[in-house]
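Residues per chain are reported as follows:
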Amino acid sequence: MDFGGRYRVDANRLAVWNALNDAEVLKACIPGCKAIRWVSDTALELEITVNLGVVQPVFKGDLFLSDIDPAISYTLTGQGRGGLLGKAQASADIRLIDLGSSTLLSFSATGGASGQIMKLGRAIVGNSAQKIIDGFFERFGEAMGARVVPLEPQV
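Residues numbered from 1 in each chain as written. Predicted model: local features only at pLDDT ≥ 70, side-chain atom pairs only at ≥ 80, totals over all residues. Heavy atoms only, no water.

(A) Structural view of the overall build of the protein. The number of helices and strands found in the protein is three helices and eight strands. In the protein, which comprises 155 residues, the share counted as buried stands at 39%. The contacts of the protein with a sequence gap of at least 6 include a subset with a gap of at least 24, amounting to 49%. (Helix = DSSP H or I, 4+ residues; strand = E, 2+ residues; numbered from the N terminus. Buried < 20%, exposed > 50% of the residue type's maximum accessible area, 1.4 Å probe, protein only. Contact = heavy atoms within 4.5 Å.)

Structural data, given as structure tokens:
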């Protein structure tokens, strides 16, 4: 599954960068996040309860940052382990650009899952992916104290 988005964040680029790399901000933004912590300069571990409707599996996962250009861009790669339910993985290229006194945050991502997660979650996730993403960035703005406005995708 491919997805992406563009958001205007009413804060300067360095503040947005710092918030994107703050474990407490991320915990507040990720639905069901029970724990998240840095384990190195470029890796985080997390534990999330995911609501897939009829089941609510707990995933343990890892997030890795690569291709880091501080306060400008990085690639975020994540993998979740859902035990018997299978695995999920995603990768997102995130870019920050000055937009006057605000910041344009854009990303493009790909993701997928295997096993029972794919069977249970394909319709749910596929139909609501944009709502999930918009919800993340709405909570991101609240957590960092800045207004975040979804923008139309570029064609």
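(B) How the structure looks around unusual backbone geometry. Residue D67 is not a glycine yet carries a positive backbone phi of 50 degrees. With respect to the element layout, D67 can be found in strand 4 (residues 58–69). Residue classification places D67 among the exposed positions, given a relative accessible area of 62%. The backbone phi angle of A71 is positive, close to 65 degrees, even though this residue is not glycine. Classification of A71 by relative accessible area gives buried; the value is 12%.

(C) Local environment of the environment of Q79. Along the chain, the position of Q79 falls in strand 5 (residues 73–81). With relative accessibility at 42%, the residue Q79 sits in the partly exposed group. On a C-alpha basis, the gap between Q79 and E45 in space is 9.9 Å, while along the polypeptide they are 34 residues apart.

(D) Local environment of the nonpolar core. Membership of the largest hydrophobic core comes to 34 residues, with the highest contact counts inside it found for V16, I36, F137 and F140. The biggest single contributor to this core is helix 3 (residues 116–144), with five residues. If we ignore the near neighbours within four places in the chain, the residues touching F137 are Y7, L105, F107 and V148. (Core = buried A, V, L, I, M, F, W, Y, C linked by side-chain atoms within 4.5 Å.)

(E) Representation of the side chain of T75. Along the polypeptide, T75 turns up in strand 5. Classification of T75 by relative accessible area gives buried; the value is 11%. A polar contact is formed between the side chain of T75 and the side chain of D93, at a distance of 2.6 Å. Excluding anything up to four places from it in sequence, T75 contacts F64, L65, S66, D67, S91, A92 and D93. (Polar contact = N/O pair within 3.5 Å; in protein donor to acceptor, adjacent residues only side chain to side chain.)

(F) Region of interest: the packing of aromatic side chains. Evaluated as defined, the whole model comprises six aromatic pairs. Look at F136 and F137: their rings are 5.0 Å apart centre to centre, the planes differ by 90 degrees, and that puts the pair in the edge-to-face class. When its relative accessible area of 18% is taken as the criterion, F136 is described as buried. Under the relative-accessibility criterion, F137 is labelled buried at 7%. Put simply, the rings of Y7, F107, F136, F137 and F140 touch in pairs and so form one group of aromatic residues. (Phe/Tyr/Trp six-rings, centres within 6.5 Å; stacked < 30°, edge-to-face > 60°.)

(G) Focus on the pattern of salt bridges. Across all of its chains, the model carries four salt bridges by this definition. We note a salt bridge from R147 to D10, for which the minimum N-O separation is 3.0 Å. With R147 in the loop between helix 3 and strand 8 (148–151) and D10 in the loop between strand 1 (2–9) and helix 1 (13–20), the pair connects residues that are 137 residues apart, well separated along the chain. Look at R147 and you get exposed, because its relative accessible area is 52%. Close ionic contact of R37 with E45 constitutes a salt bridge, the shortest N to O distance being 2.9 Å. (Salt bridge = Lys/Arg side-chain N within 4 Å of Asp/Glu carboxyl O.)

(H) Local environment of the pairing of strand 3 (residues 43–49). For strand 2 (residues 33–40) and strand 3, the ladder comprises six bridges, and the chain directions are antiparallel. Pairing of S40 across the sheet is with A43, part of strand 3. The loop that links strand 2 with its antiparallel partner strand 3 comprises two residues. Sheet analysis places strand 3 next to strand 4, joined by seven bridges and oriented antiparallel. Note on strand 4: the bridge partner recorded for E47 is K60. (Pairing = 2+ DSSP bridges.)

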